[in-house]
Amino acid sequence: MRYYSLNHQSPKVDFKEATINGQAPDKGLYFPETIPRIPKHVIDRLSEMSREDIAFEIIKPYVGDTIPAERLREIVRETIDFPIPLNPINDQISSLELFHGPTLAFKDIGARFMSRCLGHFMKGENRKVTVLVATSGDTGGAVASGFYEVEGVEVVILFPKGKVSRIQELQLTTFGKNIRAIEVAGSFDDCQKLVKEAFADEQLKESIFLTSANSINVARWLPQQFYYFFALQQWKHKTPPVISVPSGNFGNICAGILAHLSGLPVTHFIAACNANDVVPVYLETGLYTGKKSVATISNAMDVADPSNFIRIMELFHQELKMLKDVVSSESISDEQTRKTIKGVKNKWNYLLDPHGAVGYTALEKYLSKFHDLKGILLETAHPVKFHDTMEEILGEPVSIPATVESLSHKTAVKDSIEPNYQSLVAVLTNVWRNTCIN
Ligand SMILES: *Cc1c(COP(=O)(O)O)cnc(C)c1O
């Protein structure tokens, strides 16, 4: 499989180069040259196959011969080494729980896969790579956990001071070894700006081999198809599901649509957004308006200009009409989200986190127009990750699992910098010098 840049100004590359580069030199996103057809005998036999076999079949064509089949199988096995259950909430709606991984959010799957692929590719190299990433909360923890102790890879994570939840911060700062957390006295946008500046700094890149681990990397994006197949594997109904995906940067739903276009039966997709409504507005009016992101209680989805939306458009040959046949989008307010969390807890005794609640609300709205259909919402994070928000909404204590509580007994280490580029360069140069001595 070869990947082209969506800006069309860079050479085509294989999976290895796309993973190492992250983004094409012309700053475009990489996109697979062809969409593989999943064999019908695989689709028909999903419920009899192991999850490992399914995941291996799905990803094999994308990886090609850049990783030997045996190693790829191991990578897949380690990536999905935790349950991903489909849990019915009521007659019409089931929750695909993607939060049983080490950092309690769906990003574990992409990050675990990518870290192992990059680790494999770096084995043959006599240089180290530094993964530089900005996080608003969940990406950092998943990347830290995924890359912990991966040889040949150093990780530097920037997070905005005081703007991630307590548990999210502990997930960033308690690993140590090859993982460094840097607290930036600014906003998430400041962190992202610093990262972008570093990637554009040709002089810096001459001395430090830098790559990124955010959702534009194909090795993080593509394995997210796995759990759509696992959902269908557990689906008991004749008519395929409507699938609602809480969306921010649109990497997750883009993987779902890719799975569908490869042959996975799905009746319809819903891109469930919070108040950041660029895509819902675009689907309704055909106008894509640049806006600033607004802060909500589903903070991992506070994205104004979703990076992966261009990939979704490419899947539909940049035709809005074709897209609208397969995907709807809905913007859900914080007020509606709170109401859903309370309502679903009281009526069905199921605890949704704020992101899942956005997905649930949009799905319920859609299904109210189609009584014969049933749906799945992707529950993208464990409610405990947003502990304080949950307690405030429910007005009652929410218990913290022992594995999470134990984080607070570990030593937290972080550097702190002002939001200026020179401070970041100083930290990066320092990291690089130390690791080259070791
Ligand atoms: C990142 C994240 C999302 C948004 O996923 P995208 O792939 O960026 O659309 C939704 N929910 C949670 C909990 C997340 O961490």
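Each chain carries its own residue numbering, running from 1 in the direction its sequence is written. Under the rules for a predicted model, residues below a pLDDT of 70 receive no local features and side-chain atom pairs below 80 are neither given nor counted, while totals for whole chains, interfaces and linings still include all residues. Hydrogens are left out, water is left out, and the side-chain values use all remaining heavy atoms of the structure.

Draft legend 1. Spotlight on the environment of Ile310. As for its placement among the helices and strands, Ile310 is situated in helix H14 (residues 309-315). Separated by 60 residues in sequence, Ile310 and Phe250 place their C-alpha atoms 9.4 Å apart. Once residues lying within four places of it in the same chain are set aside, the contact partners of Ile310 are Leu6, Leu29 and Gln318. We count a stretch as a helix when DSSP gives it H or I for four or more residues in a row; a strand needs E for two or more, and each element gets its number in order from the N terminus. In what follows, residue pairs with any heavy atoms lying within 4.5 Å of each other are defined as contacts.

Draft legend 2. Up close: the pairing of strand S6 (residues 153-160). In this scheme, a residue with accessible area under 20% of its type's maximum is buried, one over 50% is exposed, and one in between is partly exposed, where area comes from a 1.4 Å probe on protein chains only. Judged by how many residues are buried, S6 sits mostly within the fold: eight of eight residues are covered. Taking every second residue as pointing to the same face, both faces of S6 are buried, with Val153, Val155, Ile157 and Phe159 on one and Glu154, Val156, Leu158 and Pro160 on the other. Only strands that DSSP links by at least two bridges are regarded as paired with each other. As paired elements, strand S5 (residues 129-134) and S6 share six bridges and run parallel to each other. Note on S6: the bridge partner recorded for Ala134 is Leu158. The definition of a right-handed crossover adopted here requires that, viewed with the strands pointing away, the path from the first strand over the helix to the second runs clockwise. Following the chain from S5 across helix H6 (residues 138-147) to the adjacent parallel S6, one finds a crossover that is right-handed. Where S6 and strand S7 (residues 179-184) come together, six bridges link them in parallel fashion.

Draft legend 3. Representation of helix H13 (residues 278-285) in the model. Of all the residues in H13, the buried ones are Val278, Val279, Pro280, Tyr282 and Leu283. Against strand S10 (268-273), H14, helix H15 (320-326) and strand S11 (327-331) lie the buried residues of H13. Remark: Gly286 follows H13 within two positions and exhibits a positive phi of approximately 80°.

Draft legend 4. Inspection of the site of the ligand at higher detail. Here a residue is considered near a molecule or strand provided that any single heavy atom belonging to it is located within 4 Å of it. In the vicinity of the ligand there are 15 residues, among which Lys107, Asp138, Gly248, Asn249 and Phe250 approach most closely. Counting of polar contacts relies on pairs of N or O atoms within 3.5 Å, with two restrictions inside protein: one atom must be capable of donating a hydrogen and the other of accepting it, and residues adjacent in sequence are counted only when both atoms are side-chain atoms. Gly251 places a polar main-chain atom, nitrogen or oxygen, 3.2 Å from an oxygen atom of the ligand. Protein chains bury 97% of the 380 Å² of accessible surface belonging to the ligand in isolation. Calculation of accessible area relied on Shrake-Rupley with a 1.4 Å probe; when residues are assessed, cover is drawn exclusively from the protein chains displayed.

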